[in-house]
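Structural overview for review
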Amino acid sequence: MTDVTTRSATTTNETGAGARGRRTDTADPGGKGRTTIADGVVAKIAGAAAREVAGIHGLGSGMTRALGSVRDRVPAGRPGLTRGVSVEVGERQTAVDLDVVVEYGYPITDVAADLRTSVITAVERMTGLEVVEVNVAFGDVHLPDEEEEEPQDGPRVA
């Protein structure tokens, strides 16, 4: 495993430019440089891994999902992979918190176990950080007959 040390939330690279959100610095064992991993990178990896788990309908609380679905429909908008994901990156470890919507019919305890396994495997494999915990908050159940939350295209009244 690589040696990882904590740096402040704002670091300075060789050119003197600040880089916000970069919190983890991985020293190259050969002494040829450093690798910096931003919090957002860990959050995206965790979000992508979570969405691959069977039984997961989506991530984020009700209001977060509603705002995110509007943002996703903006022409320049992209789906937010970090919606419903928060991470804390330390010296050699990271912790992940997920807000989850589960599909109706899937056992929540099994989905939670599969979710933890998927997120831990992906984050540890891609970053080299040890995942010390994955906290999962199930905030909603998506029923088969529920329609997706869609923003209205026109005015509500004439």
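Residues numbered from 1 in each chain as written. Predicted model: local features only at pLDDT ≥ 70, side-chain atom pairs only at ≥ 80, totals over all residues. Heavy atoms only, no water.

Some remarks on a nonpolar patch on the surface
- Nonpolar side chains collect at one region of the surface, where Y104, V141 and L143 lie side by side and expose about 270 Å² of accessible area between them.
- Following the sequence through the fold, V141 ends up in strand β9 (residues 130-142).
- With a relative accessible area of 32%, V141 lands in the partly exposed category. (Patch = residues over 30% accessible without salt bridge, like charges linked within 9 Å, V, L, I, M, F, W, Y side chains within 5 Å. Areas by Shrake-Rupley, 256 points an atom, 1.4 Å probe, with all protein chains shown as cover. Salt bridge = Lys/Arg side-chain N within 4 Å of Asp/Glu carboxyl O. Helix = DSSP H or I, 4+ residues; strand = E, 2+ residues; numbered from the N terminus. Buried < 20%, exposed > 50% of the residue type's maximum accessible area, 1.4 Å probe, protein only.)

Quick look at the packing of helix α1 (residues 39-51) against helix α3 (residues 108-127)
- For the pair α1 and α3, interaxial distance at closest approach is 8 Å and the crossing angle is 140°. Viewed along their axes, α1 and α3 adopt a mutual orientation that is oblique. By crossing handedness, the relation of α1 to α3 is classed as right-handed. For the pair α1 and α3, contact is made by V42, I45, A46, A49 and A50 and by L115, S118, V119, A122, V123, M126 and T127, respectively.
- A class-by-class count of the residues in the contact of α1 with α3 yields ten nonpolar, two polar and no charged. (Axes fitted to C-alpha atoms, helices over the stretch in contact; angles between N-to-C directions. Parallel < 35°, antiparallel > 145°, perpendicular 65-115°, else oblique. Left-handed = near helix turned anticlockwise from the far one by under 90°. Contact = heavy atoms within 4.5 Å. Nonpolar A, V, L, I, M, F, W, Y, C, P; charged D, E, K, R; others polar.)

Quick notes on α3
- In this model, α3 (20 residues) spans 28 Å end to end at C-alpha, consistent with the 28 Å of a helix rising 1.5 Å per residue.
- Those residues of α3 lying buried are V111, A112, L115, S118, V119, A122, V123 and T127. Along the axis of α3, the buried positions cluster into a sector of 135°, meaning they face one direction only. Opposite the buried face of α3, by more than 90 degrees, sit the exposed residues T109, T117 and R125.
- If you follow the buried residues of α3, they end up packed against β5 (34-38), α1, β6 (56-59), β8 (93-103) and β9. (Expected span 1.5 Å × (residues − 1). Arc of directions from axis to C-beta.)

Looking at the nonpolar core
- The biggest cluster of nonpolar side chains holds 26 residues, and the ones touching the most others in it are V85, V96, L98, L115 and V119.
- Residue assignment for this core shows that the elements contributing at least two residues are α1, β6, β7 (85-89), β8, α3 and β9.
- Looking at this core element by element, the count peaks at six residues for α1.
- When sequence neighbours within four positions are dropped, the list of residues in contact with L115 reads A50, V53, I56, L98, V100 and V136. (Core = buried A, V, L, I, M, F, W, Y, C linked by side-chain atoms within 4.5 Å.)

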